[in-house]
Amino acid sequence: MECHYAILGVELNADDGAIKKAYRKAALKYHPDKNPNCLEEATEKFRLVQAAYDVLSDPQERAWYDRHREEILHRKKYENYKENSFDLWEYFSPSAYKGFGDDANGFYAVYRDVFKKIDVEDQPFKDEGSAGDEWMPCFGNSESDYDDVVHEFYSSWQSYCTHLSYVWESQYDVKEAPNRRVARLVEKENKKVRDKHKKKRNELVRELVSFVRKRDPRVKAHKAELERIATEQAVKAEERRMSEMRVKAEEAALYDQENFEELAKHNERVSQLENMMRDEFGFSSDEDSDKSDQNSEEEQEYSDDMFCVACNKMFKSVMGMRNHQKSKKHKENMNRLKEEMQEESSVDDLTEDPNCEEIEDEVDDRKLTKKQKKQKRQQQKLLSNMMESEPLKTKDFEEKIDPVQKSDEVPKLETEFDGDIAENEKSIADDIGNTLDCNADNETSVISD
């Protein structure tokens, strides 16, 4: 049975106008009155043209024909098609060919015939005039060019889709359906079976293509050539990178040399300027640096003066320090500090072992914070300055006593000496308080200067 579209000579997606035009042309061509010499043949052709137009001109009949076109055309024709198809599984083995020559049993001849047979099987099921009506690319031989033959062959066959309709695999006949609902179910089941066989066929052919491509000497040679080119490019890129690194290293060395020369010239100019300053003004940059160091030391001393030892606080301005010294809390801390200093001085007089004192001081220093350590150092420094300014003159007591009367008046002198020590310690504590009170006035005078 011939296809209605092929009888009229139109495509599957032709519109009604194109079908009507093709019908009129075919009717004039095959009309019996126009062909008196071949009347029977013309009559048969005209009948087919008339039947094709009757089906395709009716939208409902055309839709039904499009859905069942493959079954109508191929079911009886290819009812025993499976028995005539050849088996592809025997070509999945290296024993299918002998060597990679161009002889009849060689690699190229065997698989060239296999793919040719596959393409020939698909040709009857291809639609005439469609894009898939062309033949698939040929496998070629051992001398075939890779870009023109080999690459085109594998790129086409690796995405192979069969044109076999597999209508002979349908389980049910649509014509035997009692109503439309059953016909739709039958058509759905038949389509499911056909699609299953198509998928199986496509996977089988694609696996065969992969098997052949993996063993194709032309593909291996092309892959080796690509690897060689990639290696050469990598070597060239590495050489180019190394040359760029050498150029950068040379530029860096030249830049360092130029900087060294510039630095030497700069130092020479600085030395000349210093000599000129020494000759003209009598001082140099070294003296300026000494003065700056001295100023920094003075600033450090000034910052120390802004620190309250009794309250362990640092102030940013003189007015803040003055207001703090007038506060009740500051005075209480000063009195407590004086008492602590008196107790420490009395304990220091009683202790005679200096090593024990150093050990105790070290232990105490570990427990103190940085501010407390600084406060303690300032207290010790202040106490030592006061002790050096007014030392206890114990030798005067010894000179006033005669050697003869010394033994009789020793207890009396010891009592008087102890009283003098207590008075002297009290005067030292008073002087410490007066000194701390005077720090603010001194700071004010330093700032005004």
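Provided above is the structure to which this section pertains.
Because the structure is a prediction, the values reported are computed rather than measured.

Draft legend 1. Representation of the environment of Gly106 within the structure. Mapped onto the elements, Gly106 comes out in the loop between helix H6 (81-84) and helix H7 (107-122). Owing to a relative accessible area of 0%, Gly106 belongs among the buried residues under this scheme. For the pair Gly106 and Ala96, spaced ten residues apart in sequence, the C-alpha separation works out to 8.9 Å.

Draft legend 2. Focus on the pattern of salt bridges. A full pass over the atoms with the stated rule returns eight salt bridges. For Asp195, the salt bridge goes to Lys191, with nearest N and O atoms at 3.0 Å. One end of the pair, Asp195, and the other, Lys191, are both in helix H9 (residues 180-215), four residues apart, so they sit about a helical turn from each other. The exposure class assigned to Asp195 is partly exposed, which follows from its relative accessible area of 34%. The class for Lys191 is partly exposed, based on a relative accessible area of 46%. In this structure, Asp216 and Arg218 form a salt bridge, with 2.9 Å as the shortest nitrogen-oxygen distance. Here the salt bridges do not stand alone but share partners, grouping Glu225, Arg228 and Glu232 into one network.

Draft legend 3. Region of the structure containing helix H8 (residues 146-157). The complete set of buried residues in H8 reads Tyr146, Val150, Phe153, Tyr154 and Trp157. For H8, the arc enclosing every buried residue in end-on projection is 105°, short of the 170-degree limit, so these residues lie on one face. Counted as exposed and oriented over 90 degrees from the buried face of H8: Asp147 and Asp148. On the buried face of H8, the contacting elements are H7, H9 and helix H10 (217-281). Two to three positions downstream of the cap, the backbone nitrogen of Asp147 sits 3.2 Å from a side-chain oxygen, assigning the N-cap of H8 to Asp145.

Draft legend 4. Up close: H9. Counted at 1.5 Å a residue, the expected span for H9 with its 36 residues is 52 Å, and the 53 Å between its end C-alpha atoms agrees. Capping of H9 at its N-terminal end is provided by Asn179; its side-chain oxygen lies 3.3 Å from the backbone amide nitrogen of Arg181.

Draft legend 5. Structural context of a negative patch on the surface. A grouping of Asp145, Asp147, Asp148 and Glu152 is seen on the molecular surface, where their side chains present a negatively charged patch. For Asp145, the location among the structural elements is in the loop between H7 and H8. Exposure remark for Asp145: the relative accessible area of 39% places this residue in the partly exposed category.

Draft legend 6. Up close: the packing of H8 against H10. It is the contact of H8 with H10, at a shortest axis distance of 11 Å, that shows an interaxial angle of 115°. Between H8 and H10, the angle falls in the class roughly perpendicular. The chirality of how H8 crosses H10 is left-handed. The segment H8 lies against H10, with Tyr146, Val150 and Tyr154 engaging Arg218, Val219 and His222. Here the residues of the contact of H8 with H10 sort into four nonpolar, one polar and one charged.

Draft legend 7. Layout of the packing of aromatic side chains. Using the criterion set out here, one finds 17 aromatic pairs in the structure. Between Phe100 and Phe107, the aromatic rings sit 5.2 Å apart at their centres with planes inclined by 45°, giving tilted as the arrangement. For Phe100, a relative accessible area of 41% gives the class partly exposed. Ring geometry for Tyr108 versus Phe139: centroids 6.2 Å apart, planes at 40°, classification tilted. Taken together, the positions of Tyr108 in helix H7 and Phe139 in the loop between H7 and H8 put the pair 31 residues apart, joining distant regions of the chain.

Draft legend 8. A look at unusual backbone geometry. The residue Asn312 is not glycine, and still its phi comes out positive at about 60°. Within the fold, Asn312 resides in the loop between strand E1 (307-308) and strand E2 (313-314).

Draft legend 9. Molecular detail of the state of the cysteines. Applying the stated criterion to the full structure yields zero disulfides. Cysteine Cys308 is unpaired, with the sulfur of Cys311 as its nearest cysteine sulfur at 3.8 Å.

What counts, and where the lines are drawn
- Residues numbered from 1 in each chain as written.
- Predicted model: local features only at pLDDT ≥ 70, side-chain atom pairs only at ≥ 80, totals over all residues.
- Heavy atoms only, no water.
- Helix = DSSP H or I, 4+ residues; strand = E, 2+ residues; numbered from the N terminus.
- Buried < 20%, exposed > 50% of the residue type's maximum accessible area, 1.4 Å probe, protein only.
- Salt bridge = Lys/Arg side-chain N within 4 Å of Asp/Glu carboxyl O.
- Arc of directions from axis to C-beta.
- Contact = heavy atoms within 4.5 Å.
- Polar contact = N/O pair within 3.5 Å; in protein donor to acceptor, adjacent residues only side chain to side chain.
- Expected span 1.5 Å × (residues − 1).
- Patch = residues over 30% accessible without salt bridge, like charges linked within 9 Å, V, L, I, M, F, W, Y side chains within 5 Å.
- Areas by Shrake-Rupley, 256 points an atom, 1.4 Å probe, with all protein chains shown as cover.
- Lys, Arg positive; Asp, Glu negative; His and termini not counted.
- Charge placed at Lys NZ, Arg CZ, Asp CG, Glu CD.
- Axes fitted to C-alpha atoms, helices over the stretch in contact; angles between N-to-C directions.
- Parallel < 35°, antiparallel > 145°, perpendicular 65-115°, else oblique.
- Left-handed = near helix turned anticlockwise from the far one by under 90°.
- Nonpolar A, V, L, I, M, F, W, Y, C, P; charged D, E, K, R; others polar.
- Phe/Tyr/Trp six-rings, centres within 6.5 Å; stacked < 30°, edge-to-face > 60°.
- Disulfide = S-S within 2.5 Å.

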